[in-house]
Amino acid sequence: MKHILLGTTALVAAGLMAGPAAAQQGVQLGLGGYYFGAAGGNIDEDFDDAPDDVRDYAFKQDLEVHVRGEATLDNGLTVGARVEIEGQQSGDQIDEVFAYFSGGFGEIRFGDDDDAYAQLCYLVPTASGAFGADSPFLNFSNAGVVGYGATNGTCYGLSDNSTKLIYFTPSFGGFQLAASFAPENTEDRRNTLGVFGTAPDNDDGSVRGGIENIWSLAATYATELNGFSVAIGGGGAFGKYESGPGACPGVDDPKYYNAYAQVGFAGWTIGGATEIRNNAVCDGDSVVYGAGATYGFEAWTVGLGWTRGEYDNVQGPDTEDTYDIIQFTAAYALGPGVTVDALVGYNKYDSDGRDDYDGIEAGIGFGINF
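What counts and what doesn't
Residues numbered from 1 in each chain as written. Predicted model: local features only at pLDDT ≥ 70, side-chain atom pairs only at ≥ 80, totals over all residues. Heavy atoms only, no water. Core = buried A, V, L, I, M, F, W, Y, C linked by side-chain atoms within 4.5 Å. Buried < 20%, exposed > 50% of the residue type's maximum accessible area, 1.4 Å probe, protein only. Helix = DSSP H or I, 4+ residues; strand = E, 2+ residues; numbered from the N terminus. Disulfide = S-S within 2.5 Å. Patch = residues over 30% accessible without salt bridge, like charges linked within 9 Å, V, L, I, M, F, W, Y side chains within 5 Å. Areas by Shrake-Rupley, 256 points an atom, 1.4 Å probe, with all protein chains shown as cover. Salt bridge = Lys/Arg side-chain N within 4 Å of Asp/Glu carboxyl O. Pairing = 2+ DSSP bridges.

A. Structural view of the nonpolar core. Judged by nonpolar contacts, the single largest core of 21 residues is most densely connected at Leu120, Leu158 and Tyr256. Sorting the residues of this core by element identifies α3 (116–119), β6 (163–168), β7 (175–184), β8 (211–225), β9 (228–241), β10 (255–265) and β11 (268–281) as the ones contributing at least two each. Ala133, Ala143, Tyr311 and Tyr349 belong to the second largest nonpolar core, which has 11 residues in total.

B. Main features of the state of the cysteines. In total, this model carries one disulfide according to the counting rule given. Covalently, Cys121 is tied to Cys155 through a disulfide, its sulfur atoms 1.8 Å apart. Taking the torsion about the sulfur-sulfur bond, which here is approximately -75°, the covalent link between Cys121 and Cys155 counts as left-handed. Here Cys155 lies in the loop between α4 (143–146) and β6 and Cys121 lies in the loop between α3 and α4, a separation of 34 residues in the sequence. Residue Cys121 shares its accessibility class with Cys155, and that shared class is buried.

C. Focus on a nonpolar patch on the surface. A surface patch of nonpolar side chains, amounting to about 810 Å² of accessible area, comprises Phe297, Trp300, Tyr332, Leu334, Val340, Ile364, Phe366, Ile368 and Phe370. For the nonpolar patch, the elements supplying multiple residues, two or more each, are β14 (320–335) and β16 (357–369). Per-element accounting of the nonpolar patch gives the leading share, three residues, to β16. Tracing the backbone shows Leu334 in strand β14.

D. Region of interest: the pairing of strand β3 (residues 78–86). Residues Thr78, Gly80, Arg82, Glu84 and Glu86 point to one face of β3 and are all buried, whereas Val79, Ala81, Val83 and Ile85, pointing to the other face, are not buried. Where strand β2 (residues 57–72) meets β3, nine bridges bridge the pair, whose relative direction is antiparallel. Residue Thr72 lies in a different strand from β3, and its bridge partner there is Thr78. Linkage of β2 to β3, two consecutive antiparallel strands, is achieved through a turn of five residues, within which Gly76 is found at a positive phi near 90°. In this structure, β3 lies alongside strand β4 (residues 94–103), joined through seven bridges in antiparallel fashion. Considered in β4, the bridge of Gly80 is made with Tyr100.

As C-alpha cells, this is what we get:
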C-alpha cells in the first residue's frame, strides 16, 4: 500500500458502492490486509573495520490485518472506523486506528494515522510490493549495523501515527488537498492511570517524542489522458520542540518537506521523489532523494530504483553520513493480489562517526493482498 497514493480512494469507493440497504443494516464489518514473506541475504559485504558477526541470510515476513466497519446513512454520509493490526509481536501491536466521515465535502478522519503529506505521497517506483530502494516492507541490508538506518525513505511524516485530525478535499479534476493537525507526537492517547486529563506539555525528554502542535499540508495532482498517467505533488509538516530535558534547547523547530513526480505510458512508470528534514535530529538536517523506473508486460513487472540519503549529525556534531541504495526488483502476478517477488541490490553506507559498509543483497519472496 505504500507504493501508491495513500489517500481516501479506497474508502470513498467503498462508500459509493454502499446504499440505503447498508444504512438500514447498520455498520458492516470488512476485513483486508497483506502478507509479505521472503528469504534473502547478502552475497558479499564489507564492514570496513567493524566486526563481521552477522548472519549471511534470513527469513522475514510482514503481515497486517485491517478491520473496517462502515455504513452509508440515509443522508448519504459514509461513516466508518478502521483498525490495522500488526501480524507479529510488536511494541505497537495496533498500528493505525481511526474513524472517518466522508461525503461530497471530502473526508474527515480522527485517530492514529499518518501526516497529511505521508497520506498523499508516492515513493520511488518499484516493481515489487515487498522490496524497493525507498522504505520497503522487507530488506536484507546490514547497513544499519554501522549506520543510521537500514533503508532510505521519502514519505516519512513528522508525527507518524500520533492521534490527529485529518481532512481530505474531494478530487477536483485530479487535484486533491489534505491537511492534518496533532497536538503532540504521541499515539494511543486515552484515559489511563498514568496520564491525567490533557497530559503534560512535555514528555520524558526524548528528542523524537518532544514535538507538539504538528501541522501537515499536502497537495497532489493525478490524472490519465491519452494513454499517459501523471502524478505530481508534495507537502510539508511543521512542529515545535517541547521544553522537556533533551528537547534541543535553542535549536530551530523541525520542518519536513517532500515532493514527487511520476509519469506512466505503454507499460512504463518513471518517477522520482525527495524528502527534506530540517532539524530532524536537533540541529541536524537530512535529505533523501531518488529515482526509478518500472516496466510491466503480461504478468511480469521489472524495475530499477536508486535512493541516496544524506544525514547530518546522526553520529555526533559536525558529522555527515551518506547512504546509497540501488535495487533491481521484479514481480510475477500469479493471480489477483498474489505475486512472486525478487530483488538484487547494492548498498553503500559512508559514515563520519563509525565504520563504512557496502554489500550486495538478494532476496525472493511473495505477496498476498486480501
